Every structure is written in C-alpha cells, then in structure tokens.
Number of protein chains: 2
Amino acid sequence: MADHELFELGDFALQHGDVLPGARLAYRTYGQLSGDKSNAIVFPTWFAGTHEANEWLIGEGKALDTERYFVIVPNLFGNGLSSSPSNTAPPHDRARFPHTTMYDNVRAQHRLVTERFGIGRLAMAVGTSMGAGQAYQWAVSHPDMVERLAPIAGSSHTSPHNQVFLEGIRAALTADASFNGGDYAEPPRTGLRAFARVYAGWGLSQAFYWQREYEQLGFATLEDFLIGFWESNFADWDANDLLAMIWTWQHADVGQTPGFGGDTRAALASITAKALLMPSKKDLYFPPEDEEWSAGYIPDADLRVIPGVWGHLAAGGGDPQAAAFIGAALRQLLDHTPHE
Amino acid sequence: MADHELFELGDFALQHGDVLPGARLAYRTYGQLSGDKSNAIVFPTWFAGTHEANEWLIGEGKALDTERYFVIVPNLFGNGLSSSPSNTAPPHDRARFPHTTMYDNVRAQHRLVTERFGIGRLAMAVGTSMGAGQAYQWAVSHPDMVERLAPIAGSSHTSPHNQVFLEGIRAALTADASFNGGDYAEPPRTGLRAFARVYAGWGLSQAFYWQREYEQLGFATLEDFLIGFWESNFADWDANDLLAMIWTWQHADVGQTPGFGGDTRAALASITAKALLMPSKKDLYFPPEDEEWSAGYIPDADLRVIPGVWGHLAAGGGDPQAAAFIGAALRQLLDHTPHE
C-alpha cells in the first residue's frame, strides 16, 4: 500500500507555456484538520527527497505537532512521486518532461489545499532547502492565505553561485555517456556516483569534515562515507528526475511570480506573513548572507542562524542540536498570534 | 625557444618506493644571484599552472623584486613541463606515471637549488595553493635553509574537506568514458568541461558570484563565464597530468616527511623560518580556520587573512586589492632581518 495519496490535476498549464498532461501531486497528510480549518501547515519537500524526508519534524510532541496541526506535505514535481520524467507517459517522459517552476509547484499545491481540503488559510508555510523556496513562493503567490512563513536553509531566489554549484553536479552526472541525453536503458551509474561525490563537498561544511563528524555517523574512513552515505543517497534516483528538480532549483525566483516582472525585492516586500528565516551558519550554497538580504525586504521578518558544522544538511534533521534549534524556533513562530 | 630550463634528476627514487626514470624539473629564474648567494627565493607553482602563473609577483618593483632577489620557480611534477604523465616515456607515461608527493617535489627542487646554483640558504620559500604546500614542505624538509616562509591560500596538510572537493573534480573528469582509464587518443573533452564546471563553484566565493564580479572581467552572463573562463582554463590540460597533480594535492601533509611519522603538529613545530600565513577570507577549500590551526604550532608564525570576495583565486593576482595586500605583506616579511 502506498504511504501517500494522489491529487489529479488533469492537463496542467505551466508557467513557461507547456502543458503537463495528466499531472498529479503526490502528498501525505499528518494530524487532523480542525473544524474551522485553521490549523493547516504546508510543508513541501526538498531536492531528491519525498515526504518521508520531512517526517523528523512531524508527529506527536514534535515541532509540527499532530495533536494540534494538520500537516500537508506535497511532493515536488520531479521527485518521482509527483509528476516526474520517470513516471510520465511518452511523449512527455524522460528529457522531454516540461520545465516546472516553483510557481507551478505552488499553483498545483494551492489546488490541492483549496479543492481537496477547502482550506482558506494556512497557519504556516514551511520548508527546507528547495522546500523553503516553495514556502517563499506560497507567501508571495498567496499573501492572503499564509499567516507564517518559515524558510529553512533555502532562499527566495537561487543565487548565481548556487546556480554554478548546480551546473557542476549537472555536468558531472551528464558527463557519463550512458546518460545518452536522458534516453538510458540502464541508469548512468558512473554519472550518478560522480554527482554524489561532487555533492559531498557541498552538502556539509569544511568544519564537519575537519572534525571527522562522519566517524560519529559510523563511517570508518572518508571513502566509506563517500560511498556509504553520498553515493548510496543518490544511487536509486532517476537521473532525469534529478535534472528536472535541478532545473526548477536553478530557476527559482519569487520575482518571477506573475505581476512582479522579475523584481525579487518587490515580491519579497509583498509578503504579509510573519516570517522567520533560518539559514544554516556554514551552508555552502545557501549562505546566511543571502537570507539577510531577503530579510531586509520582507516587512515582518526575523532571521535566526542555525548553529553548528552540518552546513546545508543541518536542515535534514541528522544533527540533534540543529534539529532542536529548528524545532524550538518553529514552536515559537507557531505560538505567535497574528495581529489582524 | 623554451622560456624555461630543465634540470635532469636521472632515475629519481620517490617517497612511495617507485623510481621515476629520467626525471626532470622544468624551472625558470628571475633576477641575479648575488655573490654571497644570500638573495634566493624559491616560489614553486600551483595546481594546473606553470611558472608563468607566478610572474605577477615577480619583476622590477614588484614584491619579489628582481633588482634585489634571485627568484627560482620550479614547476610541479605533473604540470606538463616537469616530469608528467604527458611527457614521460612508456611504460611510465599516462596513468602509469608514479605517484609523487610534496616531499618528492621539494627533494628534487633541493637538488636544483644546491647542485645547480650552490645555494645554501633561501631568503624565502613562498607559494600559492599547491605552491604553498611546497613552501611548507621546504620549511619542514630543510629548516636549516629556509629563513622565511610565506604560504598563500594553501595549507600544511590537505584537510578532509579539501580531499572531498578533489574527489568531486576527479569523479567529474573520469565520468567521461572517453577518459578510458587514462588511455585516451583524443582528450576527454566532456570530462574536462565537467571538471571545469565543478571547479567554478569552488574557485571563487559565493559573494564573488552574488556581486556578479564576472561582469567586471568582461563576461556578459554566468554561462559566458563558465565557458570563457573556467572551461577555457582547463581545456588544454592533459587529463592524466591533472589527475597526477590531484593525487599529490590529496596526499599533501608535512607530517608525512620522513622522521615525523605522520605527526603534522610535530612537523609544524620543527619549522624555524619566520612564517607569514596568508589564507584568503572566503576561500572555500583552504579556509582561514585551517591555517589558524597550523599557525598555532609554528614557533614564529603570523597570520594575515587576505580580504575580498575572490576566495581561492585571490591568490592568483586577478584581484588588484588582494594582489596589493599580498605584495605588501611579502615586502614586509622580506624586510624583516632574521635574528640569529
């Protein structure tokens, strides 16, 4: 039995003009929607993850407490559960899967939230990494709906350096000739391993490695960690799916929301949610200074930097101290009563 | 006419037991050796560079002033001028080229300095990046010879994170099947481009890209910069040569000098030179905190952090402010009279 449900979007018109035929969102919910439908939280997924990757924050007694909140986790287009290159019928499969934006994802999620659940307000939009990008997009696309915004280790628009980082992993993956422009019979395993090895340097900080924190995770050597953690993490992902998500990530920018004409500052200034931005101190591709920039344009924004050496993966729940920091901050944000 | 000279080492025994037959060092000298041979500086090359890449610091009126100093620039094994996979006769060519260490490089350079020039003391050992690693090795291998030590944007031993960064570029290069274990007829161009695109994220800082400094360099777009600067920079390098230098870099550690049994701290403590360590503020693979660690063990060490957003490439002379900072610091170090 699937651990998630599907929401059919039909033929879904995309921001860049294509139509995704038979589009669908995979999602999972946690907790109960209250009678007045005031306790819903949307918590989209991150790159190369499904709803399961979000569950460390969700449950009884956790920050997203299922005794109080109804948590909807929609899966990102391209992640293999929602419409993706790997699960879409020809001719829109594989490398022909159309480009989807953060805006497209949130428009689909808005249909899920309003049509399936009849929800008109969200207590919070929260996400980590690419999930943070979707949370930002929620706050810009639907300022009337989003009471609180909590982007964690993410950004309102993908910075030039972040784009370059993504170019690197993309180039490493596609350097494997067996990738064959996306028309592979067998997975491009060499490319996936190269992708993972490049990612390994970015996903955690210099200090994480200096302190040999991977030994605490049970890996005897650096090479064991590269194979057992990083290569293993990406080995089963479909290469076209990864590339579809990378495209979405590279092109993320709330300024590209219709009506803002590319003006990221204006899009940020339109946010009415109470915002709490949580970059991670040593994040190598979503550095805290980028989020300081965004905080400067959001009318009601606080910024708290997640401490520690886990860098980007501080947002993944693997570091107990970072996890506790994030949980406490989210509880505090949720306990704040919007004044209106 | 070649712009460099060759020093023949004969069959050169290497630290790990192999012999490099017909080994040779390519080098160039600048300025005149003084009568008492007291004015020599050794300035080894960095990764994927030759002596030409060092010349921004050398010349009349420059920090390494050829009116005062005799500057010897020995080329790193593997860089295509000194013995390398690309210029060594079978069967020791290509992927069969033996592994060379920082210790091996400095032992060869020591023969050049003493046998060809009869020099017994060096006013300074200086280098950037992998050149800094060789400068450190000089100070540990020959404490009796090295009066001043100036490692710039480098380290005394390659940190675990730096090793992971190098694994990433290695994996990207070799993911191209035309690399063929090093036995390529034509260069593995796809792999070299992937290598360059991964490198692009590491070689400069997040802030460099955020501020779109590449536009100041004449590149209209990020993609232009990736192609015109990064891909162009590595396109003509031999893949086996790059991998030979990467091996040397990954295994760099002054603690591996014979007599120290792997104890990096003890090797640093043995340095008698007056040392000035210059990490670059936003260097992503030689971060300043690693050099603070090294400075803590060297008896007479100062540390000055190169300011600005150029990250690792601050050590390449392309950023005028960083170049001026480095030049001024080297002048000050050279003007210091050793007390002995």
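Residues numbered from 1 in each chain as written. Chains lettered and ligands numbered in written order. Predicted model: local features only at pLDDT ≥ 70, side-chain atom pairs only at ≥ 80, totals over all residues. Heavy atoms only, no water.

1. Digging into the pairing of strand β8 (residues 148-152) of chain A
All names here are of chain A.
Point 1. With five of five residues buried, β8 is to be regarded as a mostly interior element.
Point 2. Tracing the backbone out of strand β7 (residues 124-128), into helix α2 (residues 130-141) and back to the parallel element β8 gives a crossover that is right-handed.
Point 3. The pairing of β8 with strand β9 (residues 274-277) spans two bridges and is classified as parallel. In the strand pairing of β9, L149 is matched with A275. (Buried < 20%, exposed > 50% of the residue type's maximum accessible area, 1.4 Å probe, protein only. Helix = DSSP H or I, 4+ residues; strand = E, 2+ residues; numbered from the N terminus. Right-handed = clockwise from strand over helix to strand, strands pointing away. Pairing = 2+ DSSP bridges.)

2. Focus on the interface of chain A and chain B
Point 1. Facing 36 residues of chain A, the contacting portion of chain B comprises 36 residues.
Point 2. Contact with chain B buries area across many residues of chain A, yet A:V164, A:Q206 and A:W210 alone supply 23% of it, more than any other trio.
Point 3. Applying the counting rule to chain A against chain B returns four salt bridges.
Point 4. The shortest N-O distance in the salt bridge between A:E289 and B:K282 comes to 3.5 Å.
Point 5. Taken together, the connections running from chain A to chain B amount to six residue pairs in polar contact (both at pLDDT 80 or more).
Point 6. Going through the elements one at a time, α3 (160-174), α4 (189-203), α5 (206-210), α7 (222-234) and α10 (288-295) of chain A are the ones with two or more residues in the side of chain A that touches chain B.
Point 7. Among the elements that line the side of chain A that touches chain B, the one with the most residues is α3(A), at nine residues.
Point 8. For the side of chain A that touches chain B, the class distribution of residues is 18 nonpolar, nine polar and nine charged. (Contact = heavy atoms within 4.5 Å. Buried area = accessible area lost by both parts, 1.4 Å probe. Salt bridge = Lys/Arg side-chain N within 4 Å of Asp/Glu carboxyl O. Polar contact = N/O pair within 3.5 Å; in protein donor to acceptor, adjacent residues only side chain to side chain. Nonpolar A, V, L, I, M, F, W, Y, C, P; charged D, E, K, R; others polar.)

3. A few points about α4(A)
Point 1. In a regular helix each residue adds 1.5 Å, so 15 residues correspond to 21 Å; α4(A) covers 20 Å between its end C-alpha atoms and thus fits that length.
Point 2. Summarising burial for α4(A): 12 of the 15 residues are buried, a large majority.
Point 3. Buried positions along α4(A) lie against α3, α5, α7 and α8 (239-250) of chain A together with α3 (160-174) and α4 (189-203) of chain B. (Expected span 1.5 Å × (residues − 1).)

4. Some words on the packing of aromatic side chains
Point 1. Under the counting rule described, the total for this entry stands at 65 aromatic pairs over all chains.
Point 2. Ring geometry for A:Y27 versus A:F117: centroids 6.0 Å apart, planes at 90°, classification edge-to-face. Of the two residues, A:Y27 is situated in strand β2 (residues 19-30) and A:F117 in the loop between α1 (102-116) and β7; the sequence distance between them amounts to 90 residues.
Point 3. Under the relative-accessibility criterion, A:Y27 is labelled buried at 1%.
Point 4. On the accessibility criterion, A:F117 (16% relative accessible area) is buried.
Point 5. Between B:W249 and B:F286, the aromatic rings sit 5.9 Å apart at their centres with planes inclined by 5°, giving stacked as the arrangement. In this pair, B:W249 is assigned in helix α8 (residues 239-250) and B:F286 in the loop between β9 (274-277) and α10 (288-295), connecting sequence segments 37 residues apart.
Point 6. By relative accessible area, which is 1% here, B:W249 ends up buried.
Point 7. Between A:R94 and the ring centre of A:Y184, over which it is positioned, the NZ or CZ distance is 5.7 Å. (Phe/Tyr/Trp six-rings, centres within 6.5 Å; stacked < 30°, edge-to-face > 60°. Lys NZ or Arg CZ within 6 Å of the ring centre and 35° of its normal.)

5. With respect to the side chain of B:T66
All names here are of chain B.
Point 1. For T66, the location among the structural elements is in the loop between β5 (64-65) and β6 (70-74).
Point 2. According to the relative accessible area criterion, T66 is buried, its value standing at 19%.
Point 3. Reaching out from T66, the side chain makes a polar contact with the backbone nitrogen of E60 at a distance of 3.1 Å.

6. Remarks on the relation of the copies chain A and chain B
Two copies of the chain are present, and they differ by a rotation about an axis and a shift along that axis.
Point 1. The transform that puts chain A on chain B rotates by 180° and translates by 0.0 Å along the axis, for an RMSD of 0.0 Å. Interpreted geometrically, this transformation is the action of a two-fold axis. Considering only C-alpha atoms, the residue of chain A closest to the rotation axis is A:A172, which sits at 2.3 Å.
Point 2. Of the interface residues in chain A, 100% have counterparts in chain B that sit at the interface too, so the contact is made through matching surfaces. (Least-squares fit on C-alpha atoms with pLDDT ≥ 70 in both.)

7. Considering the UniProt feature "domain: AB hydrolase-1" (unreviewed entry) in chain A
Point 1. According to UniProt, the "domain: AB hydrolase-1" (unreviewed entry) feature falls on residues 52-308 of chain A.
Point 2. Helix makes up 41% of residues 52-308 of chain A and strand 10%, with an end-to-end C-alpha separation of 24 Å. (UniProt positions renumbered as here; feature names shortened; annotations may be inferred.)

8. Focus on the environment of A:A194
Point 1. Residue placement: A:A194 occurs in helix α4.
Point 2. The spatial distance from the C-alpha of A:A194 to the C-alpha of A:A175 is 8.9 Å, given a sequence separation of 19 residues.
Point 3. Setting aside its immediate chain neighbours within four residues, A:A194 contacts A:A172, B:A171, B:A172 and B:A175.

9. Regarding unusual backbone geometry
Residue and element names in this part refer to chain A.
Point 1. Of note, the amide linkage connecting P90 to P91 takes the cis form, showing an omega dihedral of 5°.
Point 2. Mapped onto the elements of the fold, P91 is located in the loop between β6 (70-74) and α1.
Point 3. For N180, which is not glycine, the phi dihedral falls at a positive 55°.
Point 4. By the secondary structure assignment, N180 is in the loop between α3 and α4.
Point 5. A positive phi angle is found at R212, which is not glycine, with a value near 55°.
Point 6. Inspection of the secondary structure puts R212 in the loop between α5 and α6 (213-216).
Point 7. The class of R212 is partly exposed, set by a relative accessible area of 40%.

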